[in-house]
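# Topology and contacts: notes
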Amino acid sequence: MLVSFDQCQLLILSVPDTLGIVNSRREVFASTTDAPEDAQDPRPAAASGAEAVDGRAARWQSHREERRRELIKAARKAVHRHGSDASMEDIAGAAGTSKSVFYRYFGDKAGLQQAMGEVVLGQMQRRMQEAAQLAQTPREGLFAMVSAYLQMAESSPNVYAFITRLTPGEASAQDAIAASGALGNFFEQITEMIATPMREYLGEENESVIVYWPTAAIGLVRNAGEMWLGSPADSAKPDQTTMAGQITDWLCLGIAPALKTTT
């Protein structure tokens, strides 16, 4: 092991590798100061083409995963506070680190949106599943899922908007659902959650309804929910429970009860 000194005469340990000397440097993020941010992966070259088992490699990977979770958590708080238009510079500043760290872990802003979406949508899906499991009827299950969805979105509209739309300038699609694997997977899973109890209650003879209706239902819930979420708070805006009930009625009964009959 070699030693050297920085400008402040502080000892810097250097570890020889096959390419030269790699000096360890540390970057502080909140209270995390236990590993270098921009050092190379310290795993040694594998002998005879086989990957060597190295405890250091496992610790390195564990650190990177923990660091990634910390960055996502910090970004989520920053977006909640600064808004869905928060820039990478805003997010990095609120996290107490640099943009380069976020780019290193997520590639770009779209990558951060994707990573945060996986976490937030996973939590939302679990909440909806738990709510639906307590329901006694399909209608109660729908209401429970719609209510859980609206509650989670309403808890942080900025975060919801951040993970469900494309970064400005992205030309790959008009809607984030077409570009985000996390969001697409989320709605696929929710569609299956709706279809499963329907198949049990309606039977195989109604398979065409079971195939098409859940997808249409997801579109109704998402669009009505997002419109409600973006509406200004006033006396005309229904509260969350009322809105969940209204959407459930539209899903189960349509708008027929609201139509006036004429003779």
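Before going into details, it helps to say that this report is about the structure given with it.

Looking now at the overall build of the protein. Counting secondary structure elements, the protein contains 10 helices and three strands. Starting at the N terminus and walking to the C terminus, you meet the elements of the protein as β-β-β-α-α-α-α-α-α-α-α-α-α. Split into buried and exposed, the 263 residues of the protein put 35% on the buried side. Of the contacts formed within the protein by residues at least 6 apart in sequence, a portion of 59% connects residues at least 24 apart. Split by element, the accessible area of the protein, about 16100 Å² in all, is 53% carbon and sulfur.

Their axes nearest at 8 Å, the elements helix α4 (residues 109-133) and helix α5 (residues 138-155) cross at an angle of 150°. With respect to α5, the axis of α4 lies roughly antiparallel. Viewed along their axes, α4 and α5 form a crossing whose handedness is right-handed. For the pair α4 and α5, contact is made by Val120, Gln123, Met124, Arg127, Met128, Ala131 and Ala132 and by Gly141, Ala144, Met145, Ala148, Tyr149, Gln151, Met152 and Ala153, respectively. In terms of residue class, the contact of α4 with α5 is made up of 11 nonpolar, three polar and one charged.

Here we take up the pattern of salt bridges. Enumeration according to the criterion identifies three salt bridges in this entry. Linking Arg69 and Glu66 is a salt bridge whose minimum nitrogen-to-oxygen distance equals 2.8 Å. You can see Arg69 and its partner Glu66 sitting in helix α1 (residues 55-82), three residues apart, about one turn around the helix. According to the relative accessible area criterion, Arg69 is partly exposed, its value standing at 48%. Taking relative accessible area as the criterion, Glu66 reaches 35% and is therefore assigned partly exposed.

With 28 residues, α1 extends 40 Å between its outermost C-alpha atoms, agreeing within 8% with the 40 Å of an ideal straight helix rising 1.5 Å per residue. Of the residues making up α1, those classed as buried are Ala57, Trp60, His63, Arg67, Leu71, Ile72, Ala74, Ala75, Ala78 and Val79. Buried-residue contacts for α1 involve α2 (88-95), α3 (99-106), α4 and α6 (157-163). Gly83 lies just past α1 and shows a positive phi near 110°.

For the rest of this paragraph, the subject is the packing of α5 against helix α10 (residues 240-253). For the pair α5 and α10, the least separation of the axes is 9 Å and the interaxial angle reads 135°. Overall, the two elements α5 and α10 adopt an arrangement that is oblique. Considering how the two elements wind past one another, α5 and α10 form a crossing that is right-handed. Every residue of α10 that contacts α5 at Arg139, Leu142, Phe143, Val146, Ser147, Leu150, Gln151 and Glu154 is listed here: Gln240, Thr241, Met243, Ala244, Gly245, Ile247, Thr248, Asp249, Leu251 and Cys252.

With that settled, consider the packing of aromatic side chains. Applying the stated criterion across every chain, the model contains four aromatic pairs. The rings of Phe102, Tyr105 and Phe106 are connected pair by pair, giving a single aromatic cluster. Over the aromatic face of Trp228 sits the side chain of Lys237, whose NZ or CZ is 5.1 Å from the ring centroid.

Definitions and limits used
- Residues numbered from 1 in each chain as written.
- Predicted model: local features only at pLDDT ≥ 70, side-chain atom pairs only at ≥ 80, totals over all residues.
- Heavy atoms only, no water.
- Helix = DSSP H or I, 4+ residues; strand = E, 2+ residues; numbered from the N terminus.
- Buried < 20%, exposed > 50% of the residue type's maximum accessible area, 1.4 Å probe, protein only.
- Contact = heavy atoms within 4.5 Å.
- Areas by Shrake-Rupley, 256 points an atom, 1.4 Å probe, with all protein chains shown as cover.
- Axes fitted to C-alpha atoms, helices over the stretch in contact; angles between N-to-C directions.
- Parallel < 35°, antiparallel > 145°, perpendicular 65-115°, else oblique.
- Left-handed = near helix turned anticlockwise from the far one by under 90°.
- Nonpolar A, V, L, I, M, F, W, Y, C, P; charged D, E, K, R; others polar.
- Salt bridge = Lys/Arg side-chain N within 4 Å of Asp/Glu carboxyl O.
- Expected span 1.5 Å × (residues − 1).
- Phe/Tyr/Trp six-rings, centres within 6.5 Å; stacked < 30°, edge-to-face > 60°.
- Lys NZ or Arg CZ within 6 Å of the ring centre and 35° of its normal.

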